[in-house]
Amino acid sequence: MPELPEVEVTKQSLEQHLQGQCIKSINIREKRLRWDLDQTTLNSLLGQRIHNLSRRGKYILINTEAGSALLHLGMSGSIGILENDRPLKKHDHFDLIMSSNQIIRFNDPRRFGSFIWAGKNPEAHKLLNKLGPEPLENNDLGTHLYRLSKGRKTSVKAFIMNAQIVVGVGNIYASEALFISGIHPKRKANRISKKRYERLATAIQETLTKSIEMGGTTLRDFSYSQGEEKIGYFKQELFTYGRTGAECKCCRSLVRQMVLSGRSSFYCANCQH
Ligand SMILES: [Zn+2]
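Residues numbered from 1 in each chain as written. Predicted model: local features only at pLDDT ≥ 70, side-chain atom pairs only at ≥ 80, totals over all residues. Heavy atoms only, no water.

1. A short note on the pattern of salt bridges
Under the counting rule described, the total for this entry stands at 11 salt bridges. The closest approach of N and O atoms between E8 and K11, which form a salt bridge, is 3.8 Å. Residue E8 and its partner K11 are both found in helix α1 (residues 4-18); the two are separated by three residues, about one turn of the helix. In this structure E8 comes out as buried when scored by relative accessible area, which is 12%. The exposure class assigned to K11 is buried, which follows from its relative accessible area of 11%. Here the salt bridges share partners, and the residues they tie into one network are E8, K11, R55, R56, E123 and E134. (Salt bridge = Lys/Arg side-chain N within 4 Å of Asp/Glu carboxyl O. Helix = DSSP H or I, 4+ residues; strand = E, 2+ residues; numbered from the N terminus. Buried < 20%, exposed > 50% of the residue type's maximum accessible area, 1.4 Å probe, protein only.)

Structure follows, in structure tokens:
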């Protein structure tokens, strides 16, 4: 599933292609995504020049004079940038045709992605207006987390994965940041000191930043000559996530797995308390 770094890298790559261009047409083949695609409101984009792209949580905002559209990759969405039209693949649900004749093609086998017109004030849209701060834009994330943790008896992992607390900390990054800061994922959110939250915040920011940089590297390595660039997925070096039974990279104990709030959690019982 694409998490914040993949979405950020997708945004950066798309922006290189789309900034300053106009959208000529929008071809919807399958409107039943996470929310139904609405051709009428999305047509507000037609003829609009794209100022820039931005990101809020895992939403990519396509910003124009008339307003903004929200693009979400869901569980399995990906974007192809095509220099020329080519035969459709299964799950190619919609295309944006640009003034350069490039085609932005959205593929999503599981159809949890979305593409929604959000108008002139996208921050007020119901999908965005309850979101917590951006982890990479908050200079005092540790204090923010500590303040909101008061009275919360949920596990710290569920707490930092709650998008109303802070956006963009998905399952992989929550596991990794908790490992790096030495905090057991099951520890109750309200039982962690401010100092430890500061360490956790730094770990979240470093993990996300490193991953974005790696994604950027993957993108630069990608061959543009194929005429199609599939963006948004890259391999990562991980400490705990998906490494059940393997040796901890710090202490050589075995990485363990448990389910917390319905999600697989990976941790080292020796390094995390
Ligand atoms: Zn360990």
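There's plenty left to go through after this.
2. So, α1
Here α1 is 15 residues long and its end C-alpha atoms lie 20 Å apart, about the 21 Å a rise of 1.5 Å per residue gives. Of all 15 residues in α1, 13 are buried, a share of seventy percent or more. (Expected span 1.5 Å × (residues − 1).)

3. Digging into the environment of Y197
By secondary structure assignment, the location of Y197 is in helix α6 (residues 194-221). When the C-alpha positions of Y197 and G119 are compared, they lie 37 Å apart, and in sequence the two are 78 residues distant. Ignoring sequence-local partners within four residues, the contact set of Y197 consists of G142, L145, Y146, S149, V156, F159, A189 and I192. (Contact = heavy atoms within 4.5 Å.)

4. As for the domain arrangement of the protein
Under the domain assignment, the protein is made up of domain 1 (4-124) and domain 2 (135-220 + 228-267). Once you take the C-alpha centre of each, domain 1 and domain 2 turn out to be 28 Å apart. (Domains from an automatic or database assignment.)

5. A word on the sheet that holds strand β2 (residues 50-56)
The strands making up a sheet are joined through hydrogen bonds of the backbone, oriented either antiparallel or parallel. Spatially, four strands are ordered β2-β3-β4-β8 in an open sheet, and the strand pairing comes out antiparallel. Where the open sheet ends on each side, the last strands, each with one partner, are β2 and β8 (114-119). The mean inter-strand angle of the sheet, taken between neighbouring strand axes irrespective of direction, is 25°. Relative to β8, strand β4 (residues 67-72) runs antiparallel, the two being bridged by five bridges. For L70, the partnering residue across the bridge sits in β8 and is I116. Lying on the sheet, α1 is in contact with β2, β3 (59-64) and β4; it crosses β2 at an angle near 180°. (Pairing = 2+ DSSP bridges. Axes fitted to C-alpha atoms, helices over the stretch in contact; angles between N-to-C directions.)

6. Side note on the confidence of the model for the protein
The predicted model of the protein has a mean per-residue pLDDT of 92, with 93% of residues at 70 or higher. Low pLDDT, under 50, characterises residues 220-227; the predicted model gives this stretch 13 contacts beyond four residues in sequence or across chains. (pLDDT = per-residue confidence, 0-100.)

7. A word on the nonpolar core
Judged by nonpolar contacts, the single largest core of 26 residues is most densely connected at L145, V156, F159, I160, Y197, L200 and I204. Elements supplying a minimum of two residues to this core: α1, α3 (141-149), α4 (156-160), α5 (171-180) and α6. Among the elements that make up this core, the one with the highest residue count is α6 (seven residues). Excluding residues within four positions of it along the chain, L200 makes contact with V156, I160, A177, L178, S181 and I183. If you look at the next biggest cluster of nonpolar residues, it comprises 25 residues, including L45, L53, M98 and F115. (Core = buried A, V, L, I, M, F, W, Y, C linked by side-chain atoms within 4.5 Å.)

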